[in-house]
Amino acid sequence: MSDTIIKPETRSFNVEEVRADFPILSREVYGKPLVYLDNAASAQKPRSVIDAISSTFDHEYANVHRGLHYLSNEATQKFEDAREKVRAFINAPTENEVIFTGGATDAINLVASSFGEDNIGEGDEIILSQLEHHSNIVPWHYLRERKGAVLKWVPVLDNGELDLEAYEAAFSPRTKMVALTHMSNALGSITPIKEMIRIAHEKGALVLVDACQSVVHLPIDVQDLDCDFLAFSGHKLYGPTGIGVLYGKADVLRSMRPYRGGGEMIKVVEMDKITYADIPHRFEAGTPAIAEAIAIGAAVDYVTSIDRVGALNHENELLAYATQRMSELNAVRIIGTTPNKGSIISFVVEGAHPHDISTVIDRAGVALRAGHHCAQPVMDRFGVPATSRVSFAMYNRKDEVDTFIEALSSAIRFFE
Amino acid sequence: MSIQELIEDFSFLDDWEDRYRYVIELGKKLDPLTDDERTDETKVLGCTSQVWLVTALDKSDSETSLTFRGDSDAHIVRGLIAILLVLYSGKSVSEILAIEPREIFAQFGLNEHLSPQRSNGLFSMVGRIRADAAAAAAQV
């Protein structure tokens, strides 16, 4: 294994080349080629990410930040290299502002708990949108239940966009925090997050951005966005499960008390006194997910090795093509029709439940999601208990859209 | 309809399409629950489709038996519930607890529907049926 970090050259986007990097895409289900259209739930992994995990355990595994021995130093170096890769990926000013967490859910819970503990009290207000995933709702509900905080909701328009007038009107002098998705996992809507952050700052509130979906498709620059916090998970970004990232502005993070207590997050522990370590380690108690952190670095390397503009254009073509084919089917209603959306299509079929549709489509080898997508407020908003959802990744192909449309058409006939 | 009849019917159905069509037919024949019966109490936790189960006890015999009625907003799930009702409804507590639904569903080629997949209310429904039976036994 080489000790140097090789920055791979950016490749021009070619879907066949990308597909060849993902071993699982060549498998079959029910004797048919797998058509994986559940990428918003979790993406498949390229060979380089899989290799990063096995190579860590094969060659350079030891606990990090602790040992004075060779292997521990090497593992620590790789772990911190991964942090630097993530920093560069989101253009955070310093590595200290990149915290490895157990996932995006863990990251948001960290902020709600640690920031909320000292800064959000009875009657203080938190603004959320109706588009949020439960991971960006439930941690704030804790503050409502435990501290008497008030949740205010930004409504969703009929096309799946947020109501920006209502957003501005939701602020009061008591608004402490705004927690918003950058791209809805349920509908695909992309929110005007930069403008919404600017407005929140004007009103004196901090902003947490849920970038789980957007980070996969769109360039993220936390300095340009000027967000106070940004969270995303590894597994949607072609990386491993069990690892996520929380970016926070250094001064805000330093003002927060630790989230979990344990090893590696302290400076000095005495019988009656404790001094905490500086960020990011203050928020990384216990042995971290070492191989997963190294592999999220590999995932970032992978994504940045590909022409991201080309990948995004490709995904948008799939989105447009699938949307057009689906609108030719009379029984299908697409929920979330704004042109400002990423490659996610949520839909319902007249006369059949999303569960029925997905069960039948599954038999064609097509994997899609049915359910409330852990986003019940937005399901309620559109008056449906659940939807079916197709979500594209850069490795999906146009002929997979055709396979899906064929499967959808026969599923519709099945329930006529 | 008996379990034996179901097993026979399924034995004639070769491919998944025919099996699902049959399951959907079974669901269509199921008496729907009224709006009053579809309550938070009768609702069985399921992520994708909504599932309800209404349990009634019959203590007239020496051993308590349980009668079940169920419903779902999804066609396939309604049909699968119909099968569960054939297996369980009207049986005594000890009969209910002795049933191995996975084996029977496997015979029908429907075993994937009784996996611990969270999105499938059916797995939870079997749990509810067994818990109701155990609770009925404890009452006596």
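Residues numbered from 1 in each chain as written. Chains lettered and ligands numbered in written order. Predicted model: local features only at pLDDT ≥ 70, side-chain atom pairs only at ≥ 80, totals over all residues. Heavy atoms only, no water.

Caption draft 1: Inspection of the interface of chain B and chain A at higher detail. Listed as interface residues are 17 residues of chain B and, on the opposing side, 15 residues of chain A. Surface buried jointly by chain B and chain A totals about 1500 Å² across both partners, of which 64% is contributed by carbon and sulfur atoms. Here chain B and chain A share zero salt bridges between them. Taken together, the links from chain B to chain A amount to four residue pairs in polar contact (both at pLDDT 80 or more). Those elements that provide at least two residues to the side of chain B that touches chain A are helix 2 (16–29) and helix 3 (75–88) of chain B. (Contact = heavy atoms within 4.5 Å. Buried area = accessible area lost by both parts, 1.4 Å probe. Salt bridge = Lys/Arg side-chain N within 4 Å of Asp/Glu carboxyl O. Polar contact = N/O pair within 3.5 Å; in protein donor to acceptor, adjacent residues only side chain to side chain. Helix = DSSP H or I, 4+ residues; strand = E, 2+ residues; numbered from the N terminus.)

Caption draft 2: Quick look at the pairing of strand 10 (residues 244–248) of chain A. All names here are of chain A. The buried fraction of strand 10 is high, at five of five residues. On strand 10, burial covers both faces: Gly244, Leu246 and Gly248 on one face and Val245 and Tyr247 on the other are all buried. Where strand 4 (residues 98–101) lies against strand 10, four bridges are found, and the strand directions are antiparallel. By the bridge assignment, valine 98 is partnered in strand 10 with tyrosine 247. Sheet analysis places strand 9 (residues 229–233) next to strand 10, joined by five bridges and oriented antiparallel. (Buried < 20%, exposed > 50% of the residue type's maximum accessible area, 1.4 Å probe, protein only. Pairing = 2+ DSSP bridges.)

Caption draft 3: A look at the sheet that holds strand 2 (residues 51–58) of chain B. Residues and elements named next belong to chain B. If you trace the four strands from one edge of the open sheet to the other, you get 1-2-3-4, paired in antiparallel fashion. For this open sheet the edge positions go to strand 1 (43–44) and strand 4 (91–92), each flanked by a neighbour on one side alone. Pairing of strand 3 (residues 65–72) with strand 4, which is carried by two bridges, proceeds in the antiparallel orientation. In the sheet register, serine 65 faces strand 4, and the bridge partner there is serine 92. Set on the sheet, helix 3 makes contact with strand 2, strand 3 and strand 4; between it and strand 3 the angle comes to about 175°. With respect to the sheet, helix 6 (residues 121–139) is in contact with strand 1, strand 2 and strand 3, its orientation differing from that of strand 2 by roughly 20°. (Axes fitted to C-alpha atoms, helices over the stretch in contact; angles between N-to-C directions.)

Caption draft 4: Representation of the packing of helix 13 (residues 354–362) of chain A against helix 15 (residues 398–414) of chain A. Residues and elements named next belong to chain A. Contact pair helix 13 / helix 15: the axes reach a minimum separation of 9 Å and the direction vectors enclose 125°. By the angle between their directions, the pair helix 13 and helix 15 is classed as oblique. Classified by chirality, the crossing of helix 15 by helix 13 is right-handed. Residue-level inspection shows Ile357, Val360 and Ile361 of helix 13 in contact with helix 15, the latter providing Phe404, Ala407, Leu408, Ala411 and Phe414. Taken together, the residues of the contact of helix 13 with helix 15 break down into eight nonpolar, no polar and no charged. (Parallel < 35°, antiparallel > 145°, perpendicular 65-115°, else oblique. Left-handed = near helix turned anticlockwise from the far one by under 90°. Nonpolar A, V, L, I, M, F, W, Y, C, P; charged D, E, K, R; others polar.)

Caption draft 5: How the structure looks around the environment of A:Leu157. Residues and elements named next belong to chain A. Along the chain, leucine 157 falls in the loop between strand 6 (150–154) and helix 6 (164–170). In this structure the C-alpha to C-alpha distance between leucine 157 and threonine 338, which are 181 residues apart in sequence, comes to 9.5 Å. When residues no more than four places from it in sequence are discounted, the contact partners of leucine 157 are Leu162, Asp163, Arg381 and Phe382.

Caption draft 6: Quick peek at the packing of aromatic side chains. Inspection of every chain in the model, using the stated rule, returns 15 aromatic pairs over all chains. Aromatic pair A:Tyr238 and A:Tyr395: ring centres 5.9 Å apart, planes at 70°, arrangement edge-to-face. Here A:Tyr238, found in the loop between strand 9 and strand 10, pairs with A:Tyr395, found in the loop between strand 17 (387–391) and helix 15; they are 157 residues apart in sequence, far enough to count as distant. Across the pair, A:Tyr395 and A:Tyr238 agree in class, each one buried. An aromatic cluster is present here, built from A:Phe22, A:Tyr238, A:Tyr302 and A:Tyr395 joined pairwise through their rings. Over the face of the ring belonging to A:Tyr142 we find A:Arg146, whose NZ or CZ atom lies 4.2 Å from the ring centre. It is B:Arg38 that lies over the ring of B:Trp52; its NZ or CZ is 4.5 Å from the centre. (Phe/Tyr/Trp six-rings, centres within 6.5 Å; stacked < 30°, edge-to-face > 60°. Lys NZ or Arg CZ within 6 Å of the ring centre and 35° of its normal.)

Caption draft 7: Representation of the pattern of salt bridges within the structure. All names here are of chain A. Scanning the entire structure with this criterion turns up 28 salt bridges over all chains. Measuring nitrogen to oxygen at the nearest pair gives 2.7 Å for the salt bridge that ties aspartate 158 to arginine 381. Within this pair, whereas aspartate 158 is found in the loop between strand 6 and helix 6, its partner arginine 381 is found in helix 14 (residues 376–381), the two being separated by 223 residues in sequence. Relative accessible area serves as the criterion here: at 25%, arginine 381 is assigned to the partly exposed category. Between arginine 325 and glutamate 328 there is a salt bridge, and its shortest N-O distance comes to 3.9 Å. Beyond isolated ion pairs, a larger network of salt bridges with shared partners links Glu16, Arg397 and Asp399.

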